[in-house]
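# Architecture and fold: a report
Each chain is listed here by its residues.
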Amino acid sequence: MEYRRFGKTEENISVITLGGMRFKHGWNPPRSLLPKESIQNCIEITRQALELGINHIETAHGYMKSENLYGEALKELGTPRESFKMMTKGAPMTGEETRALVEEQLDSLKLDYLDFYGWHGINNEERLKAAVKPGGPVEVLHRLREEGLIRHIGFSTHGSLDIIQEALNTNLFSFVNLHYYYFFQRNLAAVRLAGEKDIGVFIISPNEKGGMLWKPSRKVEEACHPLTAIEFNGRFCLSHPEVTTLSMGIHEPEHFSQNLSILNGEDYTSPASRVIQEKMDAPLSKVSSLCTLCAECLPCPEEINIPEVLRFRNLLQAYEMEDYGKFRYNMFEGEGHWFPGNFASKCTECGDCLPRCPEKLEIPKLLKETHANLFNRKAWFKNQVFQLAVSAAKFLRKLVPGLT
Ligand code: SF4
Ligand code: SF4
């Protein structure tokens, strides 16, 4: 295993993090009812992870059963507390909610303290303000740190580059969990800013949202050869010295070998890696009407996330990434601030965005084309049902805390 310093936290953590979002039946409410199969799955995966030298475990209050599962697994395994670092996250909206939530999370995890606590989802201006307001959640988290319940405070984000930079510049955080992959490099400036500020960088879901890399398109597979897509992207991420760790939602034993094969003895910038990257870069340069993801076209009055829609178009044209494009595109209009934006079919051709695009792209035409290629009613409906179930569970929990 390789370890890196997690920025100013001064903690050395494994470059592979065990992400706890995908244990068997882990998303079925209620959160505290733990099927034997789920516990066994969590025990087995956690045991193997620790044996392989993974010392960083990640979860969140929002991951339904996950904290409770880790609590059971770590107790069952009798893992010495000093042999792992635990990160969890939560999004209390007020100072009052914060202490109660952290205490509940410690209880679920059966721990006395948390190594890392991330305010979950600084995704827009409103949530940033709610998190950092005087007397608000982050201030209380700092108090809990002084009391010894939390050791380091950070945040996670799915927000725009501007929001991430604004949050980093508050100087209230020691680490950030963000999206940055080969197929999504928009946040490079945030990664660099974090590095300048000595803020640890944790990469969220490099294999799934980074491009569904366990199931690459034929073109991606060929361009990465002799590496797998997972190896190529993981090594790309780790070639940035600012990046500390990649979070992998491991829930099957075979995921370990897939992910551990990324490790390359810290040799992530070798000439051989550059040759493969050039091979990967080539198809993108041939895309007609390439969107550079600069975001100058925003805002759109119909709230279409133009750069993200056109990113899926870029990937479809360059790499035939149809499955990934459909998976992500059909999440629009269903995930709120986690993945904001309306379907491209909502474009009214008002033309507001056109003069702002430095590439002079025919944005309405490209949006229409992308919607026709990627919209899938079944996938969209499935996502809506899942989101409704999660919202219903949250609502029930507020109504009857003991129930869920
Ligand atoms: S032309 Fe379409 S995409 Fe552009 S701003 Fe108007 S509605 Fe939005
Ligand atoms: S301004 Fe043009 S190039 Fe930039 S993100 Fe919008 S569509 Fe893409």
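Residues numbered from 1 in each chain as written. Chains lettered and ligands numbered in written order. Predicted model: local features only at pLDDT ≥ 70, side-chain atom pairs only at ≥ 80, totals over all residues. Heavy atoms only, no water.

## Overview of the overall build of the protein
In terms of regular secondary structure, the protein is built from 15 helices and ten strands. The C-alpha atoms of the protein give 21 Å as radius of gyration, which agrees with the globular expectation for 404 residues (22 Å, within 12%). Projected onto its principal axes, the C-alpha positions of the protein cover 55 × 50 × 40 Å. Taking all 404 residues of the protein together, the buried fraction comes to 53%. Taking the intrachain contacts of the protein between residues at least 6 apart in sequence as the baseline, contacts between residues at least 24 apart amount to 74%. If you sum the accessible surface of the protein, you get close to 17800 Å²; carbon and sulfur atoms cover 54% of it. Looking at the protein, you have 47 positive and 52 negative side-chain charges, and the mean spots of the two groups are 3 Å apart. (Helix = DSSP H or I, 4+ residues; strand = E, 2+ residues; numbered from the N terminus. Rg over C-alpha atoms; globule rule 2.2 N^0.38 Å. Buried < 20%, exposed > 50% of the residue type's maximum accessible area, 1.4 Å probe, protein only. Contact = heavy atoms within 4.5 Å. Areas by Shrake-Rupley, 256 points an atom, 1.4 Å probe, with all protein chains shown as cover. Lys, Arg positive; Asp, Glu negative; His and termini not counted. Charge placed at Lys NZ, Arg CZ, Asp CG, Glu CD.)

## What to know about the domain arrangement of the protein
A common way to state how big an interface is: give the accessible area lost once the parts meet. Segmenting the protein into domains produces domain 1 (3-270) and domain 2 (286-386). Placing a centre on the C-alpha atoms of domain 1 and another on those of domain 2 gives a separation of 27 Å. At the junction of the two partners, domain 1 supplies 20 residues and domain 2 supplies 16 residues. Here domain 1 and domain 2 share an interface that buries about 1700 Å² over both sides, 62% of which is from carbon and sulfur atoms. When the buried area of domain 1 at its contact with domain 2 is split by residue, Phe183, Lys209 and Lys219 rank highest and sum to 29% of it. Counting across the domain 1 and domain 2 interface gives two salt bridges. (Domains from an automatic or database assignment. Buried area = accessible area lost by both parts, 1.4 Å probe. Salt bridge = Lys/Arg side-chain N within 4 Å of Asp/Glu carboxyl O.)

## Quick notes on empty space enclosed by the protein
Within this structure, the stated rule accounts for two cavities of 30 Å³ or more. By volume, the largest cavity is sized at about 100 Å³. Lining the largest cavity are 16 residues, with Cys300, Ile306, Cys347, Cys350 and Cys353 positioned closest to its centre. In terms of residues, the lining of the largest cavity owes the most to one element, helix 14 (residues 363-374), which gives three residues. (1 Å grid on protein atoms, 1.4 Å probe; cavity = no way out; pocket = protein on both sides within 12 Å on 5 of 7 lines; lining within 4 Å. Points joined across faces, edges and corners; volume = space filled by probe spheres on them.)

## A few points about helix 12 (residues 306-319)
The end-to-end C-alpha distance of helix 12, which contains 14 residues, comes to 20 Å, matching closely the 20 Å that a straight helix rising 1.5 Å per residue would cover. For helix 12, the buried fraction is high: 13 of the 14 residues fall into the buried class. Positive backbone phi, approximately 55°, marks Glu320, located one or two places after helix 12. (Expected span 1.5 Å × (residues − 1).)

## Description of the site of ligand 2
Around ligand 2 sit 14 residues, and of these Cys291, Cys294, Ala295, Cys297 and Cys357 come closest. At a threshold of 2 Å from the grid points, most atoms of ligand 2 map onto the second largest cavity. Looking at the shell around ligand 2 residue by residue, the classes come out as eleven nonpolar, one polar and two charged. (Near = heavy atom within 4 Å. Sits in = over half its atoms within 2 Å of the grid points. Nonpolar A, V, L, I, M, F, W, Y, C, P; charged D, E, K, R; others polar.)

## Here we look at the environment of Ile150
Tracing the backbone shows Ile150 in strand 7 (residues 150-156). Sequence separation between Ile150 and Trp214 is 64 residues, and the spatial gap between their C-alpha atoms is 35 Å.

## Some remarks on the layout of surface pockets
The space that makes up the second largest pocket amounts to roughly 970 Å³. In terms of lining residues, the second largest pocket is bounded by 36 residues, among which Ser160, Arg186, Leu298, Asn305 and Pro340 are the most central. The set of elements that each furnish at least two residues to the lining of the second largest pocket consists of helix 6 (161-168), helix 12 and helix 13 (322-329). Among the residues making up the lining of the second largest pocket, the classes are represented as 17 nonpolar, eleven polar and eight charged. Viewed by domain, the lining of the second largest pocket spans two of them, domain 1 (3-270) and domain 2 (286-386), each represented by three or more residues.

## Considerations on unusual backbone geometry
Only a minority of non-glycine residues have a phi that is not negative, and only a minority of peptide bonds are not trans. Cis peptide bonds are those with omega within 30 degrees of zero, and the linkage from Pro29 to Pro30 qualifies with 0°. Tracing the chain through its elements places Pro30 in the loop between strand 3 (16-19) and helix 1 (36-51). That bond from His225 to Pro226 is cis: its omega, 10°, falls within 30 degrees of zero. Among the structural elements, Pro226 can be located in the loop between helix 8 (218-224) and helix 9 (229-238). Although it is not a glycine, Asp198 sits at a positive phi angle of roughly 60°. Tracing the backbone through its elements, the reader meets Asp198 in the loop between helix 7 (188-196) and strand 9 (200-203). Positive phi, normally seen in glycine, also occurs at Glu320, with a value near 55°. Secondary-structure assignment places Glu320 in the loop between helix 12 and helix 13.

## A word on the pattern of salt bridges
This structure, assessed with the given rule, holds 24 salt bridges. Measuring nitrogen to oxygen at the nearest pair gives 2.7 Å for the salt bridge that ties Asp198 to Arg5. Linking Asp198 in the loop between helix 7 and strand 9 with Arg5 in strand 1 (residues 3-5), this pair joins segments that are 193 residues apart in sequence. When its relative accessible area of 28% is taken as the criterion, Asp198 is described as partly exposed. Given a relative accessible area of 36%, Arg5 falls into the partly exposed group. Because the salt bridges share partners, they merge into one network encompassing Glu11, Arg81, Lys85, Asp115 and Arg151.

## A closer look at the packing of helix 13 against helix 14
Between helix 13 and helix 14, whose axes approach to 9 Å, the crossing angle comes to 100°. By the angle between their directions, the pair helix 13 and helix 14 is classed as roughly perpendicular. Between helix 13, through Glu322, Gly325, Lys326 and Tyr329, and helix 14, the contact on the second element is made entirely by His371, Asn373 and Leu374. Class assignment of the residues belonging to the contact of helix 13 with helix 14 gives a composition of two nonpolar, three polar and two charged. (Axes fitted to C-alpha atoms, helices over the stretch in contact; angles between N-to-C directions. Parallel < 35°, antiparallel > 145°, perpendicular 65-115°, else oblique.)

## Some points on the environment of Gly26
Within the secondary structure, Gly26 sits in the loop between strand 3 and helix 1. Given the relative accessible area of 6%, Gly26 is considered buried. Each C-alpha atom, one on Gly26 and one on Glu67, is 9.8 Å from the other, the two residues being 41 residues apart in sequence. In this view, Gly26 contacts Tyr63, Met64 and Lys65; residues no more than four positions away in its chain are not counted.

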